[in-house]
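Chain by chain, the residues run as shown.
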Amino acid sequence: NAMTTVFAYSWDVTPEEYRRATEVTYLGQVHGTLAALRRMRPRDQGTVCNVGSALAFRAIPLQAAYCGAKFAARGFTEAVRAELRHDGSHVQITTVHLPAVDTPQFGWCRSRLPKHPQPVPPTYAPEVAAEAIVAASLRPRRQKVLGGFNHLVVAASKVAPGILDHYVARTTVAAQQAAFDASPDRPDNLWAPVDGEGGADRGARGIFADQEGGMANRRWLASVPALVAEVGHAAFDRLREVAGRP
């Protein structure tokens, strides 16, 4: 699970930035998988666990580079799975598709947003993601979508993609930006790692611990009425669009 990204409108991301985000986020999983398979296939055992995202099923604004890479990683993993089955291999490949996780990525990914980037709630602690990845590695299944809200998003992307288009357009630009401004001299890890102070490990947790807890977080629960209203507005916008009316 190597990743980096650029928080920006798609037309504000340079070709070089798209290439770098794709090389890390998509090709990082490709090369990691192939390196594992070179050892697993001769032994006819082992499990490859790739890390995906709900954004591998539903893209959102400001994340074109990341979403494109995660969609690609999902397709690659499905192709490898089919090849292993064709060969009768006992090697297994699985993917855990994560929700928003409070990791340091939001403090060091490149951004052109006026506000500091943040995960779109409901947000989960890093330990929740880690436990799901370990479980999938030990007891592999085809894929695991983590988080109840993400199950809803994945299902809605299949049965009502137009409504979801309107919903993410209305809500996720603001939802990806914290209430405080981004630092103008903020370092990013697009081309090189961002070391902690004195070279210290920055750890697994980001700065949004108050948002952790997933759908059980009180702040997220308090936002549910607004969320329902936004979905209703999005459905109405979609109906007007289909009907061709202003």
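Note: the structure precedes this text.
*Asks:* Residue-level account of the sheet that holds strand β8 (residues 143-145), with values.
*Replies:* Strand order across the open sheet formed by three strands is β2-β3-β8, with parallel pairing between neighbours. Taken across any chain shown, the strands that pair with only one partner, and hence form the sheet edges, are β2 (47-53) and β8. Taken over all neighbouring pairs, the strand axes of this sheet differ in orientation by 15 degrees on average, direction set aside. In this structure, strand β3 (residues 92-98) lies alongside β8, joined through three bridges in parallel fashion. Residue pairing across strands places H97 opposite V145, the latter belonging to β8. Against the sheet, helix α5 (residues 126-138) contacts β2 and β3, and its axis sits at roughly 145 degrees relative to β2.

*Asks:* Could you give an account of the packing of aromatic side chains, with specific residues and numbers?
*Replies:* Here the distance between the centres and the angle between the planes together describe a pair of aromatic rings. On inspection of all chains with the given rule, the structure shows three aromatic pairs. Pairing F7 with F106 gives two aromatic rings, centres 6.1 Å apart and planes at 45 degrees, and the pair type is tilted. Of this pair, F7 sits in strand β1 (residues 6-7) while F106 sits in helix α4 (residues 105-108); the two residues are 99 residues apart in sequence, bridging distant segments of the chain. The exposure classification of F7 matches that of F106, with both residues buried. Taking the centre distance of 6.5 Å and the plane angle of 85 degrees together, the rings of Y26 and F76 count as edge-to-face. On the criterion of sequence distance, the pair formed by Y26 in the loop between α1 (15-25) and α2 (27-43) and F76 in helix α3 (residues 64-86) is long-range, its members being 50 residues apart. On the basis of relative accessible area, F76 is assigned to the buried category, the value being 15%. Directly above the ring of F71 sits R74, whose terminal nitrogen or CZ lies 5.7 Å from the centroid.

*Asks:* An account of the environment of M215 is needed here, citing residue identities and associated values.
*Replies:* Within the secondary structure, M215 sits in the loop between β9 (177-181) and α8 (218-222). Residue M215 is classed as partly exposed on the basis of its relative accessible area of 34%. Taking the C-alpha atoms as reference points, M215 and P122, 93 residues apart in sequence, are found 5.5 Å from one another. Aside from chain neighbours lying at most four places away, what touches M215 is P122, Y124, G148, F149, W220 and L221.

*Asks:* Residues and numbers for the pairing of β3, please.
*Replies:* Judged by how many residues are buried, β3 sits mostly within the fold: six of seven residues are covered. In this fold, the crossover linking β2 to β3 by way of α3 has right-handed handedness.

What counts, and at which threshold
- Residues numbered from 1 in each chain as written.
- Predicted model: local features only at pLDDT ≥ 70, side-chain atom pairs only at ≥ 80, totals over all residues.
- Heavy atoms only, no water.
- Pairing = 2+ DSSP bridges.
- Helix = DSSP H or I, 4+ residues; strand = E, 2+ residues; numbered from the N terminus.
- Axes fitted to C-alpha atoms, helices over the stretch in contact; angles between N-to-C directions.
- Contact = heavy atoms within 4.5 Å.
- Phe/Tyr/Trp six-rings, centres within 6.5 Å; stacked < 30°, edge-to-face > 60°.
- Buried < 20%, exposed > 50% of the residue type's maximum accessible area, 1.4 Å probe, protein only.
- Lys NZ or Arg CZ within 6 Å of the ring centre and 35° of its normal.
- Right-handed = clockwise from strand over helix to strand, strands pointing away.

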